[in-house]
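Secondary and tertiary structure notes
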Amino acid sequence: GIRNPIISTILYIADGDEEIAGGPSMVTNQKLSDEKLATKGWMSSPKPYRLVAFDGKYLHGVVPGKGIREGRRVTLMFAFWDDIKIRRGLGKGSARPFPKNVLPPWASQLVKPEDSHARGASNQYANCKAAEPIVLDRVYETLGGKAWKKHEMPAY
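Residues numbered from 1 in each chain as written. Predicted model: local features only at pLDDT ≥ 70, side-chain atom pairs only at ≥ 80, totals over all residues. Heavy atoms only, no water.

Along the chain, T28 falls in strand 2 (residues 25-31). According to the relative accessible area criterion, T28 is buried, its value standing at 6%. Within the local environment of T28, its side chain forms a polar contact with the backbone nitrogen of Q30, the two atoms lying 3.1 Å apart. Contacts of T28, omitting those with residues within four sequence positions, involve A38, K40, G41, W42, Y58, L59 and V139. (Helix = DSSP H or I, 4+ residues; strand = E, 2+ residues; numbered from the N terminus. Buried < 20%, exposed > 50% of the residue type's maximum accessible area, 1.4 Å probe, protein only. Polar contact = N/O pair within 3.5 Å; in protein donor to acceptor, adjacent residues only side chain to side chain. Contact = heavy atoms within 4.5 Å.)

Our focus in this paragraph is the pairing of strand 4 (residues 51-54). Alternating residues of strand 4 divide into V52 and F54, all buried, and L51 and A53, none buried. Summarising the sheet, strand 1 (residues 7-13) and strand 4 pair through 4 bridges and their orientation is antiparallel. Opposite I10, over in strand 4, you have V52 as the bridge partner. (Pairing = 2+ DSSP bridges.)

Let us look at the sheet that holds strand 1. Each strand in a sheet pairs with its neighbour through backbone hydrogen bonds, running either in the same direction (parallel) or in the opposite one (antiparallel). Taking strand neighbours across the sheet as the criterion, the 3 strands line up as 4-1-6 in an open arrangement whose pairing is antiparallel. Of all the strands in the sheet, the pair left with one neighbour each is strand 4 and strand 6 (74-80). Ignoring which end each strand starts from, the neighbouring axes of this sheet average 15° apart. (Axes fitted to C-alpha atoms, helices over the stretch in contact; angles between N-to-C directions.)

Turning next to the nonpolar core. Note that soluble globular proteins tend to have their nonpolar side chains buried in a common cluster. Core analysis: the biggest nonpolar cluster contains 7 residues, these being I10, Y12, A14, I20, V27, V52 and F54. At the level of elements, strand 1 and strand 4 are the ones that each hand at least two residues to this core. M26, A38, M43 and V139 belong to the second-largest nonpolar core, a separate cluster that totals 5 residues. (Core = buried A, V, L, I, M, F, W, Y, C linked by side-chain atoms within 4.5 Å.)

Read these as spatial facts, not as claims about activity.
Rendered as structure tokens:
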């Protein structure tokens, strides 16, 4: 059957403080196995280095549209599993251990320095703060902007 992570995450990656292209991410209370449509949804606007975490069994995606600016959108998605078979080695693919001793360039940006003051660097995490998602009153609506009254899946 279908397996889902216990927690899924989205990390928005940017060069400096530049705006991120694309629409907001949306998480619903709908599971893939549901026979009815979602009744609740939560949106998160893409911001540099924002981390969104949610229950991995719920459907999620990017709201279509141009968003704040056009261009390339880069996100890094992590999933946490309660039971998974780890693949050995540092090759490409999922379920690999995080490098420990010598970090490749992509991994070094994901590790918080153990003592940033000893290296003469400023504390780059001092401005981190929690952000509440945008709660949606309805997830689905008609093309005319009215509430979708039917709760069953549309026929395709």
